[in-house]
Amino acid sequence: MIVSEKTLKWALSLYPPLLFQRIWVRKFHPGFRGVDVKITNSFLNRNYNGSIFGGTIYAATDPFYAILFDQLMQRKGHKCRVWLKSASIQYLKPGLTNLYFTLTITDEMIKEAEASLNEYGKFVKAYPMELFNKQGELCATVMNEVYLRTKFPNEKQRVAI
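The sections below set out a description of the structure shown in this document. Only a predicted model underlies this, so the values are computations on that prediction, with no experimental measurement involved.

Things to note about unusual backbone geometry
At step 1: Notably, Arg22 is not glycine yet its phi reads approximately 65°, a positive angle.
At step 2: Summarising the element assignment, Arg22 is placed in the loop between helix H2 (16-19) and strand S1 (23-28).
At step 3: With a phi close to 60°, Phe32 is a non-glycine residue in the positive phi region.
At step 4: Here Phe32 shows up in the loop between S1 and strand S2 (34-39).
At step 5: For Phe32, a relative accessible area of 0% corresponds to the buried category.

Below, the structure is given as structure tokens:
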């Protein structure tokens, strides 16, 4: 389903798995070329050390590459399924304050995905993410492997939010 940046921002911000973990979409960049996300350190997601629970950090990074690629590919006329195939995370520093990350999809990333979809019917690639605290210190790095596959004939669209 093609939606506006503002509609998806609010839908995801109010989506219970993100809302109750205090994961907030600050904004989607125009044309879904990126997203800015904030994880609030709250009593709802704080561990016994006072830092953000690692599962919350992991959950915050899960959907965004897939969502961005899905919206971009739909706008370009591709009928494909998009999901996160795998992920790995390195916790470098406790998230004692709010954490922030920004993802950006470049023209090269889109061209590479389109070429692979057109030639092979699928695209798989891992992309890095970095999460920073209020002071700008790197707290975690994540690798998310995105999987795009051309839909089979007669396959129905499913909304997976």
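Concerning the sheet that holds strand S4 (residues 99-104)
At step 1: In space, the six strands of this open sheet follow the order S1-S2-S4-S5-S6-S3, with antiparallel pairing throughout. Unpaired on one side and paired on the other, S1 and strand S3 (80-91) mark the two borders of the sheet. Pairs of neighbouring strands in the sheet enclose a mean axial angle of 20°, with direction left out of account.
At step 2: The pairing of S3 with strand S6 (residues 138-150) spans eleven bridges and is classified as antiparallel. Following the sheet pairing, Ile89 is matched in S6 by Val142.
At step 3: Each of S1, S2, S3, S4, strand S5 (122-133) and S6 touches helix H4 (residues 64-75); the most contacted strand, S3, lies at about 155° to it.
At step 4: Sitting on the sheet, helix H5 (residues 107-120) is in contact with S3, S4, S5 and S6, with an inclination near 155° to S5.

About the thresholds
- Residues numbered from 1 in each chain as written.
- Predicted model: local features only at pLDDT ≥ 70, side-chain atom pairs only at ≥ 80, totals over all residues.
- Heavy atoms only, no water.
- Helix = DSSP H or I, 4+ residues; strand = E, 2+ residues; numbered from the N terminus.
- Buried < 20%, exposed > 50% of the residue type's maximum accessible area, 1.4 Å probe, protein only.
- Pairing = 2+ DSSP bridges.
- Axes fitted to C-alpha atoms, helices over the stretch in contact; angles between N-to-C directions.
- Contact = heavy atoms within 4.5 Å.

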